[in-house]
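# Geometric and topological summary
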Amino acid sequence: MVGARDMAFPYVNMLSYWIYLLAVVVLVASFFAPGGPTGAGWTSTTPILLSGTPGHEWGIILMLASLILFIIGFTWVA
């Protein structure tokens, strides 16, 4: 209404969407990791992670990488 653009930083907004999409792809990839997806549950506490649950090697690493990417993409919205 005052002649301003729709968004202040449209490139950063687009970049945050692609980072979010990458986080989803990494999370889906954790289901196909050796050992399967993480079996630590929604809390992901350290004793459960290290106790030999299914996916305690690559499954948990990919899940945590996906969580980090999601947080970066979520907080990077301008």
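Cut-offs and rules
- Within every chain, residues take consecutive numbers counted from 1 along the sequence as written.
- Reporting of local features is limited, given that this is a predicted model, to residues whose pLDDT is at least 70; pairs of side-chain atoms are given and counted only at 80 or more, and all residues count toward the totals for whole chains, interfaces and linings.
- Values reported for side chains reflect all heavy atoms of the structure, with hydrogen atoms and water molecules removed beforehand.
- Here a strand is any run of E in DSSP of at least two residues, a helix any run of H or I of at least four, and the numbering for each starts at the N terminus.
- Note on classification: 1.4 Å probe, protein chains only; a residue is buried when its accessible area is under 20% of the maximum for its type, exposed when over 50%, partly exposed between these limits.
- The criterion used for residue contact is that any of the two residues' heavy atoms lie within 4.5 Å.
- Scored between 0 and 100, pLDDT is the confidence that the predictor attaches to each residue.
- The span you would expect from a helix comes to 1.5 Å times its residue count less one.
- Note that the arc is defined by the directions from the helix axis to the C-beta atoms.
- Only Phe, Tyr and Trp rings are paired, with Trp represented by its six-membered ring, and only when their centres lie within 6.5 Å; those with planes under 30 degrees apart are stacked, over 60 edge-to-face, the remainder tilted.

### Examining the overall build of the protein
- Check the secondary structure of the protein and you find three helices and zero strands.
- Scanning the protein from its N terminus toward the C terminus, one meets helices and strands in the order α-α-α.
- Classification of the 78 residues of the protein by burial places 21% in the buried group.
- In the protein, of all internal contacts separated by at least 6 residues, the share reaching a separation of at least 24 is 55%.

### What to know about the confidence of the model for the protein
- Per-chain confidence: the protein averages 80 in pLDDT, with 73% of residues scoring 70 or above.
- Confidence scores differ between elements of the protein, with helix α2 (residues 46–50) showing the lowest mean pLDDT of 67 and helix α1 (residues 10–29) the highest of 90.

### Examining helix α3 (residues 58–75)
- With 18 residues, α3 extends 26 Å between its outermost C-alpha atoms, agreeing within 8% with the 26 Å of an ideal straight helix rising 1.5 Å per residue.
- When α3 is considered as a whole, its buried residues turn out to be G59, I60, M63, S66 and G73. What you see down the axis of α3 is that its buried residues fit within an arc of 155 degrees, all on one side. The exposed residues of α3 that point more than 90 degrees off its buried face are I68 and T75.

### Some words on α1
- Between its terminal C-alpha atoms α1 stretches 29 Å, which fits the 28 Å expected from 20 residues at 1.5 Å a residue.
- In this fold, the buried residues of α1 make contact with α3.

### Details of the packing of aromatic side chains
- Taken as a whole and assessed by the stated rule, the structure comprises three aromatic pairs.
- A ring pair is formed by Y20 and F70, whose centres lie 5.7 Å apart and whose planes are at 55 degrees; its orientation type is tilted. With Y20 in helix α1 and F70 in helix α3, this residue pair connects regions lying 50 residues apart in the sequence.
- According to the relative accessible area criterion, Y20 is partly exposed, its value standing at 39%.
- Look at F70 and F74: their rings are 5.9 Å apart centre to centre, the planes differ by 25 degrees, and that puts the pair in the stacked class. Here F70 and its partner F74 are both found in helix α3, four residues apart, which amounts to about one turn of the helix.

### Points about the side chain of S30
- Structurally, the position occupied by S30 is in the loop between α1 and α2.
- Since its relative accessible area comes to 3%, S30 is described here as buried.
- If we skip the residues at most four places from it in the chain, S30 touches G36, P37, G59, L62 and M63.

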